Amino acid sequence: MRASQFFISTLKEAPADADITSQKLMIRAGFIRKHAAGIYSWMPMGLRVVRKVENIIREEMNRAGALELSLPVVQPAELWQETGRWDAMGAELLRFKDRHERDFALQPTAEEVITDIARRELRSYRALPKSFYQIQTKFRDERRPRFGVMRGREFTMKDAYSFDRSADDAGKSYENMYAAYRRIFDRMGLTYRAVAADTGAIGGDRSHEFQVIADTGEDAIIYCPTSEYAANIELAEALAPAGERPAASAALSKVHTPKVKTIAELVDFLKIDIKQTVKAVVVEGEQGDAVLMLVRGDHELNEVKAQKVAGIKNPLTFASPAAIRAAFGANPGSLGPVGFQGRVIADRTVAKMADFVIGANEDDQHYTGANFGRDCAEPEVLDIRNVVAGDLSPDGKGVLAIQRGIEVGHVFYLGTKYSAAMNATFLDEDGKPKPFEMGCYGIGVTRILGAAIEQNYDDKGMIWPDAIAPFSVVICPVGYDRSEAVKEAADKLYAELAARGADVILDDRGERPGAMFADWELIGAPHRVTIGDRGLKEGKVEYQQRRDAEATAVAADAILEHIV
Ligand code: ATP
Ligand code: MG
Ligand code: MG
Ligand code: MG
């Protein structure tokens, strides 16, 4: 690709309503354009990444034996009524009527439609097992669309569904998908954890989420650094009911139960107008006091209202230094970013809304706490519960710690929930009809872009892992329009790289070097080759990986081997 023939549209500033780094960078780099809350266009540069993500997913789904199909975005209400989800889904399901006054919905997921297909097509046990998948537009009318494409309303999801004869076989399909998910996220070069997840309203007893580790994640993961144990915090709590917890844990939870149970109660206690605030921070002091601070403005502590409430003792150890710096580092008059002690006080809703954990040391007193999100105008949903950082891991192999994560994938054993409700059966060997044993498996295709950026960026822009970069190599000729030697060397390298199958772009726009480099740093191309007259005179070009502080001179005739 030549840049002059591509569409590059970068911005110096992100719009004021962009609320997270990845969204800012995607808008600035010309990946996306916003039209309404949670509704975006994918521009050519961004779409290249989407396609790469999709291709990796498609390859691994095919390798796992799943069959690609395409289900309708517009789905009839009748199918959703069969499972009761027409009512149960609430406002997240976007509904409308056609010209004949019939009810329809935009697909937020597709269990109903795929089960309808299975009951019509998979008649006999001989047709099983079968797994189908689609990579398709979904619509969820999210209550709070935010963070750009990470919590969009219209987004792309890969959703797969497995149909089996027995629960045992369904377990094998689940394992198969789980392994495929690992390959997918490994290939994308992301740092992630597979965590046990709550099976919630869908029921069933097996569910794992794939969480990309990032301080800005909406989910809290509790994990054991010295063993395989990892769970979404909601489940970590569910897995460790007071009576069954390891002794250390039970003892700690007693100490940590605050007298005030909800943020609403705290707010009431403190007589603070929570609607005026942007965030609430619950901190607990070493002296056995919990402090609720309501912070106005963006990370501004100068309007803090703080007061001691309820006795809480013995902070425990966990940390997120980067988050601490992000929250308070830029604010000299505030709590210093030094201590990482304590535990989060959060409930499942709060845990999801929490942005980061803070810690601080003032006057030699340790404080710590959790930020309960940007928008605390909904105190009714906030309900404090204990989180178990510092507890013994349920497998007994270490002490639990907390990390924030972004849910990019979810695998779910469904059992016969949908097949039973929709009377979807096959004839088994004994001639009797049996409901399918099902599983469902989602990946947030477009959310992955946001998550990858949240994990890989610096002050210049995005830093893409090779496998999903919009372009993996950019050739930046200095004076392409002025110097024959430069043009010739750049064209030659471009042709050679392209011939070897490298995903290369030649920046022939004739931009000034500074502007050209800034663009590619913002876009995050992992490899850059700079070609200029001065270097060529010595037979050299410059090579720089996106994470390198400086370029390295490389012999012009060796650069090809250097890259591919
Ligand atoms: P969340 O907890 O973030 O709301 P979910 O549990 O509702 O996600 P699933 O029903 O498990 O989502 O859907 C499968 C995948 O689709 C999720 O793991 C996530 O990566 C992606 N996804 C869900 N909602 C959105 C959204 N609003 N925007 C972008 N991707 C989404
Ligand atoms: Mg959701
Ligand atoms: Mg979820
Ligand atoms: Mg989920």
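Note: the structure precedes this text.
Figured I'd write up the structure that's included with this text. Predicted model, so just to flag it, every value in this text is computed and none were measured. (Residues numbered from 1 in each chain as written. Chains lettered and ligands numbered in written order. Predicted model: local features only at pLDDT ≥ 70, side-chain atom pairs only at ≥ 80, totals over all residues. Heavy atoms only, no water.)

### Digging into the overall build of the protein
Thinking step 1. Within the protein, the secondary structure is distributed over 17 helices and 28 strands.
Thinking step 2. Across the 564 residues in the protein, those meeting the buried criterion constitute 54%.
Thinking step 3. Total accessible area on the protein stands at roughly 24,400 Å², and carbon and sulfur atoms take up 49% of it. (Helix = DSSP H or I, 4+ residues; strand = E, 2+ residues; numbered from the N terminus. Buried < 20%, exposed > 50% of the residue type's maximum accessible area, 1.4 Å probe, protein only. Areas by Shrake-Rupley, 256 points an atom, 1.4 Å probe, with all protein chains shown as cover.)

### Topic: the coordination of the magnesium ion (ligand 4)
Thinking step 1. The protein atoms donating to the magnesium ion (ligand 4) are Glu407 (OE) and His410 (ND1), with metal-donor distances spanning 2.1 to 2.2 Å.
Thinking step 2. The metal-metal distance between the magnesium ion (ligand 4) and the magnesium ion (ligand 3) is 3.2 Å, with Glu407 coordinating both.
Thinking step 3. Among the residues examined, Glu407 registers a relative accessible area of 21% and is labelled partly exposed. (Donors = N, O, S within 2.8 Å, 3.2 Å for Na, K, Ca; no water.)

### Thoughts on empty space enclosed by the protein
Thinking step 1. For the structure shown, the criterion picks out six cavities of 30 Å³ or more.
Thinking step 2. In this model, the largest cavity occupies a volume close to 90 Å³.
Thinking step 3. Around the largest cavity, the lining residues are Lys460, Val474, Trp520, Glu521, Ala525, Arg528, Gln544, Gln545, Arg546 and Asp548.
Thinking step 4. Of all the secondary-structure elements, those providing two or more residues to the lining of the largest cavity are helix 15 (513-523) and strand 27 (540-545).
Thinking step 5. Class assignment for the residues of the lining of the largest cavity results in three nonpolar, two polar and five charged. (1 Å grid on protein atoms, 1.4 Å probe; cavity = no way out; pocket = protein on both sides within 12 Å on 5 of 7 lines; lining within 4 Å. Points joined across faces, edges and corners; volume = space filled by probe spheres on them. Nonpolar A, V, L, I, M, F, W, Y, C, P; charged D, E, K, R; others polar.)

### Concerning the packing of aromatic side chains
Thinking step 1. Evaluated as defined, the whole model comprises 13 aromatic pairs.
Thinking step 2. With a centroid separation of 6.0 Å and 5 degrees between ring planes, the pair formed by Phe31 and Trp464 is classed as stacked. In this pair, Phe31 is assigned in the loop between helix 1 (21-28) and strand 1 (32-36) and Trp464 in the loop between strand 23 (461-462) and strand 24 (473-477), connecting sequence segments 433 residues apart.
Thinking step 3. Residue Phe31 is classed as buried on the basis of its relative accessible area of 0%.
Thinking step 4. Geometrically, the ring pair formed by Phe185 and Tyr192 is tilted, given 5.7 Å between the ring centres and 50 degrees between the ring planes. (Phe/Tyr/Trp six-rings, centres within 6.5 Å; stacked < 30°, edge-to-face > 60°.)

### A word on the pattern of salt bridges
Thinking step 1. For the structure shown, the criterion picks out 35 salt bridges.
Thinking step 2. Between Glu60 and Arg63 there is a salt bridge, with the nearest N and O atoms lying 2.8 Å from each other. Of the two residues, Glu60 and Arg63 are both situated in helix 2 (residues 44-63); the distance of three residues between them amounts to about one turn of the helix.
Thinking step 3. In this structure, the salt-bridge partner of Lys138 is Asp159, at a minimum N-O distance of 2.9 Å. Here Lys138, found in strand 7 (residues 130-139), pairs with Asp159, found in strand 8 (residues 154-164); they are 21 residues apart in sequence, far enough to count as distant. As far as burial versus exposure is concerned, Lys138 and Asp159 are alike and both buried.
Thinking step 4. Bridged by salt links that share partners, the residues Glu59, Glu60, Arg63, Arg183 and Arg187 form one connected network. (Salt bridge = Lys/Arg side-chain N within 4 Å of Asp/Glu carboxyl O.)

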